[in-house]
Amino acid sequence: MKKEKVKDILLSIFLGKRYFEITNVKDQVRYMTMNWIFMVATLPLIILGITLINVNITRTIICFFIAFLCFTALIMIRSKIPLKFVPVFPVTVFGMYCCYLLYLGDYGLWAAIWIFAFPPIVIFLCRMTVGVIESIIVLGVMIFLLFNQSPTNNILATISSGSEVQIRILGAYFLIASLSVIYEWISILKDRKEDELKRELAQERDMIQTMKDNINQGIFLMDKNLNILPQYSRTLISILSYYDSDLTGKNFLDIIRSSFDSKQLEIMKGYFTMVFSKTKTAKVLEAANPISEFEYKVDDDTKYLNTRFQLIDHTSGMRADHVATGPVIIGIIQDITREKEIELELKSQKDVQEMEMKNLFDVIKIDPMVFQDFIEDTDSNFNAINTLLKDPNVTEKQVVTRIFQYIHAIKSNAVILDLESLSNKLHTLEDEIKNTSNKEKVTVNDVLGLAIKIETFMQEMDSYIAITKKINAYKVSNQMDTILINSMTKAVDRLATQLHKKAKIKAGHIDLEILESKLRKPIRDILYQCVRNSIFHGIESVDERIKKNKNPQGLLTFNIKKVNDTAEITFMDDGAGLDWKKIKQKYLEKNPNAKNVDKRVLLSSIFKPEFSTADEANTAAGRGVGLSLVKDLVKENKGNISVNSTESGLSYKVVFPLSKK
């Protein structure tokens, strides 16, 4: 650090900071020459002035004055004053001093040496016009002094014996001045030629750039570090939607990084390494291109792009100043979004036709009675939504929450029946309802928007009803308990497979009288939600269960019994029980100022809307709606629920009052 500071101080003293701000090489040389001339001249002139104090006071004053001018010039060249104005006055005074020395002749021929040095100094420092004028003026003074002898002029007395020496002195001065003029003139012509060549190159570059800018493809060069070189078409900016700054020096993979994961980016790095290695043919490289066609995500938008890359030799390019030092890749990117949209539209139409056929087969493979039960339940939920929308005593926020629950219940039934298309649409509808629910203030317009989308979905349900009228019903058992057991078994098998777990369900005692009552639907919905919650949160993976010395296959059991004048529903699993630590963490995230976080409070929180310990939601669970739906169903039917959790599993007990006949 100290060495760097000392270096900076020395550079500031001897060169000044302005030197490093000058970009033109000739101006740098001129600046450095001025700097050193004035710096070297200042101290000797001061010393000379001191030695002449007792000899010649006039010359002493002149020496000090010129030294002052040199010091002033040192300060001026470090300022913002144009360089061409800085040396004019000091150099002019120096010329006058040379003439004065020639007039005095105290130093013999030393005066001539100073005179001979004047032309190159004045021409180089003050440029051509000022330099030539002052050189001619000094030449005139010399002629006057050399041919007008004076008793005080010792040097003239020395050479007065013949005009030959006078002519030589004038000839030498004229030769030096001429050579200085010629050199400066050649330098000026060279600069003009360079400027002309630069203008021609700029015109050619602009012409090439114009051609590149009118090509509807993004063309660019890329060095070994995958940095984009200055040579790229402006179309590339619009294709990549990169308007913040110049693309020069930007890493290509960094620009498209948001469209890929880390593994895909590593594959692309390997591909470009293979391109630079020159070990594969162009055909092989084209086939191996991992982004020959890809989705480019930028600014909440998605474009479809295709790319081609080829290695070329390139001798100029990218060091620290964006100049490459070897082979580079030329890349061509084309926006094919429109073509892709047409392709996707055609595919969408084909998918619609295939979906209609799939819906037909989905309905055919379902037990007709089970499917009819699904249709009736869905219709019941829709009717409940319509009633809710007309209720003036319910706030918009409450309406959205209840709609969320009803749609979630319909989706749960659709998932159980393996109605994949319907389940996915309901899942998307849930996303929209959740976004509305998350707003600080839910408006009437928000509710109306959801109502319109729900109405559209109800119309889609009509297509399923129409399908059921076109096919023959299969003979199945009409016992309610059989339907429930089959539905629950399918639900467990599907969810366990989806979550890569193993589980089975076992039915205990089932009272048909309860299933044939009005409690059939709420009991079934409660059991479905318990099944989903247990498999998603409770039942461990096969490896975890083996480590805990459990059967690899999880077990779920349920009973529906009549106890006195109540319906008692019990549901149990042999999973891990409630994760109190995670529940507490989620609870504190939603209630950062909470002081009471005992198990009673935490247990109550899991039944609140949108409370879930899942990291992300999918069609299986994770919305935080299931248990809140259970709570509302229990409340609507004047029942109560209790929960018991241990390391050996979780159990629910729901008790409903039975209406007396």
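Heads up: the structure comes first, above all this text.
Bear in mind the structure is a predicted one, so any value in this text is a computation, not a measurement. (Residues numbered from 1 in each chain as written. Predicted model: local features only at pLDDT ≥ 70, side-chain atom pairs only at ≥ 80, totals over all residues. Heavy atoms only, no water.)

Engineer: Would you take a moment to explain the packing of helix 14 (residues 396-416) against helix 19 (residues 520-538) for this structure?
Structural biologist: In a packed pair of helices, the relevant descriptors are the angle between the two axes and the axis-to-axis distance. Put simply, helix 14 and helix 19 touch, their axes get as near as 11 Å, and they point 70° apart. Taken together, the axes of helix 14 and helix 19 are roughly perpendicular relative to one another. Contacts from H408, K411, S412, N413, V415 and I416 in helix 14 reach R524, D525, Y528, Q529 and R532 in helix 19. Its residues placed into classes, the contact of helix 14 with helix 19 shows three nonpolar, four polar and four charged. (Axes fitted to C-alpha atoms, helices over the stretch in contact; angles between N-to-C directions. Helix = DSSP H or I, 4+ residues; strand = E, 2+ residues; numbered from the N terminus. Parallel < 35°, antiparallel > 145°, perpendicular 65-115°, else oblique. Contact = heavy atoms within 4.5 Å. Nonpolar A, V, L, I, M, F, W, Y, C, P; charged D, E, K, R; others polar.)

Engineer: I keep staring at the sheet that holds strand 1 (residues 218-222) and nothing clicks. Help me out?
Structural biologist: One open sheet accounts for five strands, arranged 2-1-5-4-3; its pairing is antiparallel. Two strands in the sheet have a free side with no partner beyond their single neighbour: strand 2 (228-232) and strand 3 (293-298). Each strand axis lies, on average, 35° off the axis of its neighbour in the sheet, ignoring direction. In this structure, strand 4 (residues 301-312) lies alongside strand 5 (residues 328-335), joined through eight bridges in antiparallel fashion. Across the sheet, the residue bridging to L305 is D335, located in strand 5. (Pairing = 2+ DSSP bridges.)

Engineer: I tried to follow the side chain of N251 on my own but got confused; where do I start?
Structural biologist: Within the fold, N251 resides in the loop between helix 8 (235-240) and helix 9 (252-255). The residues touching N251, leaving out its near neighbours within four places in the chain, are N225, L226 and N227.

Engineer: Sorry if this is basic, but what is going on with the pattern of salt bridges here?
Structural biologist: Oppositely charged side chains may form a pair once their charged atoms are brought near each other. Tallying each qualifying case throughout the model produces 18 salt bridges. Of the charged contacts, one joins K653 and E568 as a salt bridge, the two residues approaching to 3.5 Å between their closest N and O atoms. With K653 in strand 10 (residues 649-657) and E568 in strand 8 (residues 566-573), this pair connects stretches of sequence that are 85 residues apart. You can call K653 partly exposed: its relative accessible area is 36%. Bridged by salt links that share partners, the residues E540, R545, K548, K550 and D574 form one connected network. (Salt bridge = Lys/Arg side-chain N within 4 Å of Asp/Glu carboxyl O. Buried < 20%, exposed > 50% of the residue type's maximum accessible area, 1.4 Å probe, protein only.)

Engineer: Can you help me understand the sheet that holds strand 7 (residues 554-563) in this one?
Structural biologist: Across a sheet, paired strands are connected by hydrogen bonds in the backbone, their directions being either parallel or antiparallel. Taken together, five strands build an open sheet; the order of strands is 6-7-8-10-9 and the sheet is mixed. Strands with a single pairing partner mark the edges of an open sheet, and in this sheet they are strand 6 (503-510) and strand 9 (640-646). Taking the axes of each pair of neighbouring strands and ignoring which way they run, one obtains an average angle of 10° across the sheet. Pairing between strand 8 and strand 10: eight bridges, direction antiparallel. Looking at strand 10, one finds that D573 is bridged to L650. Against the sheet, helix 23 (residues 626-636) contacts strand 9 and strand 10, and its axis sits at roughly 25° relative to strand 10.

Engineer: What am I meant to see in helix 2 (residues 25-51) here?
Structural biologist: For an α-helix, 3.6 residues make a turn, and residues three or four places apart therefore share a direction. Between its terminal C-alpha atoms helix 2 stretches 40 Å, which fits the 39 Å expected from 27 residues at 1.5 Å a residue. All of the buried residues in helix 2 are Q28, R30, Y31, M34, N35, F38, M39, T42, L45 and G49. (Expected span 1.5 Å × (residues − 1).)

Engineer: How do you make sense of the packing of helix 19 against helix 23 when you look at a structure like this?
Structural biologist: At a minimum axis distance of 9 Å, the contact between helix 19 and helix 23 shows a crossing angle of 155°. Here helix 19 is positioned roughly antiparallel relative to helix 23, judged by the angle of their axes. Like other packed secondary-structure pairs, helix 19 and helix 23 cross with a definite hand, here left-handed. From helix 19, P522, D525, I526, Q529 and N533 reach across to helix 23, where they touch G626, L627, L629, V630, L633 and V634. Among the residues forming the contact of helix 19 with helix 23, the class breakdown is seven nonpolar, three polar and one charged. (Left-handed = near helix turned anticlockwise from the far one by under 90°.)

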